[in-house]
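So you can see what is in the structure, the chains are spelled out below.
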Amino acid sequence: MNNEDMSHVFDKLNNVASQNNISPEMVNNLFSMLNNSNNHNNDTNSSSDFCDNSSHQDYNDQSSSSTNNQNNPFESSGIDFETIMRMKTIIDKINTKDDPRSNLLQSLKPYLKDSRKSKVDQYIQLINMSKVMDVFPFMGGDSKK
Amino acid sequence: MIDNIYNEFTFGRNDNRFEIFGITLYFDDILLICLLLFLYNEGVKDQLLFISLIMLLLS
């Protein structure tokens, strides 16, 4: 994937991020995390091959590939744009604050005993986590037909 | 007969509870029971919500 394609992907990602109120800093942080994980993997691979006679050349090759991978975070980490969007969907579903079930349980809280108030919070988290299950295909969600 | 039924109910003058047939129900228990009945009568089919309320009642 050449630099022109990557710039096109980045532009698309920024457009989606701006439409969905995601700041560019968050996107940059995500890319930096991907680069760090990729550099860590390349470093471990390079250290294991260092004892070989041909390791020097491999090390140079991997270092050059690491620099290329810094420019291509999608390819190196195995995470494509669709996966990132799915992750964003999951995080949005967890963080939603407009769920009627959660609102109902929250409204009950002042009328319950203290022992039950803590359980209400747990059940609200449980309800939020159940929304994540809708995304996974093995549970029947997000199936592409 | 009404006296017998009345005798089964013991309204706590100091506590927010009453006892019926040996079962002590507090105010929040009654609230949850009424809410469950209301949701059932309204035809709400949210199983997770019912499970959450029942677990809250039984805890």
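Source: prediction; values computed, not measured. (Residues numbered from 1 in each chain as written. Chains lettered and ligands numbered in written order. Predicted model: local features only at pLDDT ≥ 70, side-chain atom pairs only at ≥ 80, totals over all residues. Heavy atoms only, no water.)

Examining the packing of helix α7 (residues 114-133) of chain A against helix α3 (residues 47-58) of chain B
No. 1: It is at 10 Å that the axes of α7 of chain A and α3 of chain B come closest, and there the two elements cross at 160°. Accordingly, the angle class assigned to the pair α7 of chain A and α3 of chain B is roughly antiparallel. In this structure, the crossing between α7 of chain A and α3 of chain B has a hand that is right-handed. Between α7 of chain A, through Arg-116, Lys-119, Val-120, Tyr-123, Ile-127 and Ser-130 of chain A, and α3 of chain B, the contact on the second element is made entirely by Leu-48, Ser-52, Met-55, Leu-56 and Leu-57 of chain B.
No. 2: Tallied by class, residues from the contact of α7 of chain A with α3 of chain B come to seven nonpolar, two polar and two charged. (Axes fitted to C-alpha atoms, helices over the stretch in contact; angles between N-to-C directions. Helix = DSSP H or I, 4+ residues; strand = E, 2+ residues; numbered from the N terminus. Parallel < 35°, antiparallel > 145°, perpendicular 65-115°, else oblique. Left-handed = near helix turned anticlockwise from the far one by under 90°. Contact = heavy atoms within 4.5 Å. Nonpolar A, V, L, I, M, F, W, Y, C, P; charged D, E, K, R; others polar.)

Some points on the nonpolar core
No. 1: Grouped together as the largest cluster of nonpolar side chains are 15 residues, with contacts concentrated most on Leu-105 and Leu-108 of chain A together with Leu-53 and Leu-56 of chain B.
No. 2: At the level of elements, α6 (100-108) and α7 of chain A together with α2 (27-41) and α3 of chain B are the ones that each hand at least two residues to this core.
No. 3: Apart from residues no more than four positions distant in its own chain, Leu-108 of chain A is found in contact with Leu-31, Leu-32, Leu-35 and Leu-53 of chain B. (Core = buried A, V, L, I, M, F, W, Y, C linked by side-chain atoms within 4.5 Å. Buried < 20%, exposed > 50% of the residue type's maximum accessible area, 1.4 Å probe, protein only.)

Some words on α7 of chain A
No. 1: With 20 residues, α7 of chain A should reach 28 Å at 1.5 Å per residue; the first-to-last C-alpha distance of 30 Å fits that figure.
No. 2: Where α7 of chain A is buried, its residues touch α5 (81-94) and α6 of chain A together with α2 and α3 of chain B. (Expected span 1.5 Å × (residues − 1).)

Digging into the packing of aromatic side chains
No. 1: In total, this model carries zero aromatic pairs over all chains according to the counting rule given.
No. 2: In this structure, Lys-113 of chain A is placed above the aromatic ring of Tyr-26 of chain B, and the distance from its NZ or CZ to the ring centre is 4.7 Å. (Phe/Tyr/Trp six-rings, centres within 6.5 Å; stacked < 30°, edge-to-face > 60°. Lys NZ or Arg CZ within 6 Å of the ring centre and 35° of its normal.)

Points about α6 of chain A
No. 1: Within the span of α6 of chain A, buried status applies to Arg-101, Ser-102, Leu-105 and Leu-108 of chain A. Within α6 of chain A, the buried residues cover an arc of 125° as seen down the axis, which keeps them to one side.
No. 2: Elements that come into contact with the buried residues of α6 of chain A comprise α7 of chain A together with α2 and α3 of chain B. (Arc of directions from axis to C-beta.)

Things to note about the confidence of the model for chain A
Parts of the prediction with low pLDDT should not have their coordinates interpreted in detail.
No. 1: Confidence in the prediction for chain A averages 67 pLDDT; 37% of positions are at 70 or higher.
No. 2: Looking over chain A, one finds the lowest element-wise mean pLDDT in helix α3 (residues 55-71) of chain A, namely 52, and the highest in α6 of chain A, namely 91. (pLDDT = per-residue confidence, 0-100.)

Topic: the packing of α2 of chain B against α3 of chain B
All names here are of chain B.
No. 1: Close contact between α2 and α3 brings their axes to 10 Å; oriented N to C, the two are set at 160°. Judged by the angle between their axes, α2 and α3 are roughly antiparallel. At the point where α2 passes α3, the crossing takes the left-handed sense. Packed against α2, whose contacting residues are Asp-29, Leu-32, Ile-33, Leu-35, Leu-36, Leu-39 and Tyr-40, the element α3 presents Leu-49, Phe-50, Leu-53, Ile-54, Leu-56 and Leu-57 at the interface.

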